[in-house]
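# Topology and contacts: notes
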Amino acid sequence: MPTRIRKVRKQRGSRTHGYGQIGQHRHSGKQGGHGNAGLHKHKWSWLILNDPDHFRRDPFKPPSWHRVSKWANVGDLAEFAKESDGKSGPVSVDLESRGVKKLLGSGDVTRAYNVKVSSYTERAKQKLEKAGGKILTE
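Analysis parameters
Residues numbered from 1 in each chain as written. Predicted model: local features only at pLDDT ≥ 70, side-chain atom pairs only at ≥ 80, totals over all residues. Heavy atoms only, no water. Pairing = 2+ DSSP bridges. Helix = DSSP H or I, 4+ residues; strand = E, 2+ residues; numbered from the N terminus. Core = buried A, V, L, I, M, F, W, Y, C linked by side-chain atoms within 4.5 Å. Buried < 20%, exposed > 50% of the residue type's maximum accessible area, 1.4 Å probe, protein only. Contact = heavy atoms within 4.5 Å. Lys, Arg positive; Asp, Glu negative; His and termini not counted. Salt bridge = Lys/Arg side-chain N within 4 Å of Asp/Glu carboxyl O. Axes fitted to C-alpha atoms, helices over the stretch in contact; angles between N-to-C directions. pLDDT = per-residue confidence, 0-100.

## Quick word on the sheet that holds strand S1 (residues 71–73)
Pairing in this open sheet of 3 strands is parallel, and the strands run S1-S3-S5 from one edge to the other. Each having just a single partner strand, S1 and strand S5 (119–120) make up the two edges of the open sheet. As paired strands, strand S3 (residues 102–104) and S5 are joined by 2 bridges and run parallel to one another. Paired with lysine 102 across the bridge in S5 is serine 119.

## A short note on unusual backbone geometry
Phi is positive for arginine 15, close to 70°, though the residue is something other than glycine. Tracing the backbone through its elements, the reader meets arginine 15 in the loop between helix H1 (7–11) and helix H2 (44–50).

## Quick word on the nonpolar core
Residues Leu77, Val93, Leu95, Leu103, Tyr113, Val115 and Leu128 are the most contacted members of the largest nonpolar core, which totals 17 residues. Contributing elements (two or more residues each) for this core: helix H3 (77–80), strand S2 (91–94), strand S4 (113–116) and helix H4 (122–130). Leucine 95 has contacts with Leu77, Phe80, Val100, Leu103, Val115, Lys116 and Val117, leaving out every residue within four places of it along the chain.

## Description of the environment of leucine 104
In this fold, leucine 104 is placed in strand S3. Given a relative accessible area of 23%, leucine 104 falls into the partly exposed group. Residues in contact with leucine 104, not counting those within four places in the same chain, are Trp71, Ala72, Asn73, Val74, Thr121 and Ala124.

## Examining the pairing of S2
Residue alternation in S2 divides its side chains into a buried set, Val91 and Val93, and an unburied set, Ser92 and Asp94. One ladder, built from 4 bridges, connects S2 with S4; its direction is parallel. In the strand pairing of S4, valine 93 is matched with valine 115.

## Examining the environment of glycine 105
Structurally, the position occupied by glycine 105 is in the loop between S3 and S4. Measuring from C-alpha to C-alpha, the distance between glycine 105 and glycine 20 comes to 68 Å, with 85 residues separating the pair along the chain. If near-sequence neighbours (up to four positions away) are discounted, glycine 105 is found in contact with Asn73, Val74, Thr121, Arg123, Ala124 and Lys127.

## Notes on the side chain of lysine 43
Looking at the secondary structure, you find lysine 43 in the loop between H1 and H2. The buried charged residue lysine 43 lacks any salt bridge partner; its closest oppositely charged side chain belongs to aspartate 51, at an N-O distance of 12 Å.

## Digging into the sheet that holds S4
Strand order in this open sheet of 3 strands is S2-S4-S6, and the pairing throughout is parallel. Both edges of this open sheet fall to S2 and strand S6 (134–136), since each of them pairs with a single strand only. Put simply, the sheet's adjacent strands are angled 20° from each other on average, direction ignored.

## What about the side chain of glutamine 11?
Relative to the elements of secondary structure, glutamine 11 occurs in helix H1. Judged by its relative accessible area of 18%, glutamine 11 falls in the buried class. Not counting residues up to four positions away in its chain, the partners in contact with glutamine 11 are His17 and Gly18.

## Comments concerning the confidence of the model for the chain
Residues shown with low pLDDT carry predicted positions that ought not to be read at fine detail. Averaged over all residues, the pLDDT of the chain equals 87, while 94% of them reach at least 70. No element of the chain has a lower mean pLDDT than H3, at 88, and none a higher one than H4, at 95.

The structure is reproduced here in structure tokens:
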């Protein structure tokens, strides 16, 4: 756009250039602060809509800082052993082959299971043994 037809050419000599009285549209009060000021406060809803990954990663922590380890509860064993519903006796469940690293003790054990897992809690072991099953670690 050529300079001669810009709005500011008509505003020369008007002191406020159409922005009201006494210093409006100057400094940073109209925009809630300079730069990224207020992104944790009054600009939070703008941040969630327009830049949701702004505060995601701490650059001082390496990306491999969090270890993702899979676990399962003894209450979930029925879902792992669905294919052997009709069998009697202890049902074998191999959690290691499914990527589960640890067996936790939350939930109820409804039948006997022989579970192959690398790590487990004492409560999980007690519940399995009470139901007639055991934990196999190799």
